[in-house]
Amino acid sequence: MASWSEFAADEPRLADGIRVLLQQYGPGFGYLATVRADGGPRVHPVSPVITDEGLFCFIIDSPKRRDLERDGRYALHSFPPEESDDEAYVAGHAWPVTDPVQVARLAQSARAEPQVDWRLFEFTVDVAMLTRREQHAAGVPGVTPSRPAVRVWLDPQAPPAPAAPLAVPPTRPARRSRDVQCTAA
């Protein structure tokens, strides 16, 4: 599990592209997916904070906070830009920040309201993805847009993901994967 800082040091251009999309409207803005107690997904809008120290989020007392406290797995997706279909995605594990000095410093810099019952979480990065789509061809009659450029980073220290789901109901139809055009790192 790499910290945001470790990821950014390994892939600075990719980290910068993700940061730009997460902070395109000023403060961070994205959708956080967490794992409910029954194993299902839960999605919430959040305001992630990206600093040189890492990727953080102040989470108020809510179902998403209880999800992260119980099972730290998360996925964070950027809010869609108005002028494109570009997207950014990171996934990994969230951990409560327990150092009071770091919490106070980040709360002050992010202007986290001190009277609110929030907890600061740091998000590690197991996978990061940035998708860019050409803008000049979109919406032009007779012009077919090319495939998106997709850049993916996988934490080299993360354990490999399981090759197949542990249990798949026999009545579920098989899924097919899609081809993506990946650019060189």
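Values in this document were obtained by computation on a predicted structure and should not be read as measured data.

The rules we used
- Residues numbered from 1 in each chain as written.
- Predicted model: local features only at pLDDT ≥ 70, side-chain atom pairs only at ≥ 80, totals over all residues.
- Heavy atoms only, no water.
- Core = buried A, V, L, I, M, F, W, Y, C linked by side-chain atoms within 4.5 Å.
- Buried < 20%, exposed > 50% of the residue type's maximum accessible area, 1.4 Å probe, protein only.
- Helix = DSSP H or I, 4+ residues; strand = E, 2+ residues; numbered from the N terminus.
- Contact = heavy atoms within 4.5 Å.
- Arc of directions from axis to C-beta.
- Polar contact = N/O pair within 3.5 Å; in protein donor to acceptor, adjacent residues only side chain to side chain.
- Pairing = 2+ DSSP bridges.
- Phe/Tyr/Trp six-rings, centres within 6.5 Å; stacked < 30°, edge-to-face > 60°.

Visitor: Describe in detail the nonpolar core, supporting the description with residues and values.
Guide: Among soluble globular proteins, nonpolar side chains are generally buried collectively. In this structure, Trp4, Phe7, Ile18, Tyr74, Val90 and Phe123 are the most contacted members of the largest nonpolar core, which totals 26 residues. For this core, the secondary structure elements donating two or more residues are α1 (4-10), α2 (12-22), β4 (55-60), β5 (73-78), β6 (87-96), β7 (118-123) and β8 (127-132). If you tally residues by element for this core, the top one is α2, at 5 residues. Apart from residues lying up to four places away in sequence, Phe123 is in contact with Trp4, Leu32, Leu55, Cys57, Leu68, Tyr74, His93 and Ala94. Listed in part, the 10 residues of the second largest apolar core include Phe56, Phe58, Val97 and Ala107.

Visitor: I'd love a proper account of the side chain of Thr124, names of residues and values included.
Guide: Tracing the backbone shows Thr124 in the loop between β7 and β8. Excluding residues within four positions of it along the chain, Thr124 makes contact with Met1, Ala2, Tyr74, Ala91, Gly92, His93 and Trp95.

Visitor: Can you lay out α2 for me, pointing to particular residues and giving the numbers?
Guide: One turn of the α-helix equals 3.6 residues, which is why residues spaced by three or four share an orientation. All of the buried residues in α2 are Leu14, Ala15, Gly17, Ile18, Leu21 and Leu22. When α2 is viewed along its axis, its buried side chains cluster within an angular range of 160 degrees and face the same direction. Opposite the buried face of α2, by more than 90 degrees, sit the exposed residues Pro12 and Arg13. Looking at the buried residues of α2, the elements they touch are α1, β3 (49-50), β5, β6, β8 and β9 (149-154).

Visitor: Which residues make up the environment of Arg133, and what values go with them?
Guide: Inspection of the secondary structure assignment puts Arg133 in the loop between β8 and β9. Within the structure, Arg133 has its side chain in polar contact with the backbone oxygen of Asp85 (distance 2.4 Å).

Visitor: Which residues make up the pairing of β8, and what values go with them?
Guide: Put simply, side chains in a regular strand alternate between the two faces of the sheet. For β6 and β8, the ladder comprises 5 bridges, and the chain directions are antiparallel. The partner of Val90 across the bridge, within β8, is Ala128.

Visitor: Got a sec to walk through the environment of Leu68? Specific residues and values, please.
Guide: Along the polypeptide, Leu68 turns up in helix α3 (residues 63-70). Separated by 32 residues in sequence, Leu68 and Arg36 have C-alpha atoms that sit 9.0 Å apart. Not counting residues up to four positions away in its chain, the partners in contact with Leu68 are Leu32, Thr34, Ile59, Arg73, Tyr74, Ala94, Phe121 and Phe123.

Visitor: How would you sum up the packing of aromatic side chains? Please name residues and give values.
Guide: Inspection of every chain in the model, using the stated rule, returns 8 aromatic pairs. Centroid distance Trp4 to Phe7: 5.1 Å. Interplanar angle 75 degrees. Geometry classified as edge-to-face. With Trp4 and Phe7 both in helix α1, this residue pair falls 3 residues apart, about one helical turn. Assigned by exposure class, Trp4 and Phe7 land together as buried.

These values are about where atoms sit, not about what they do.
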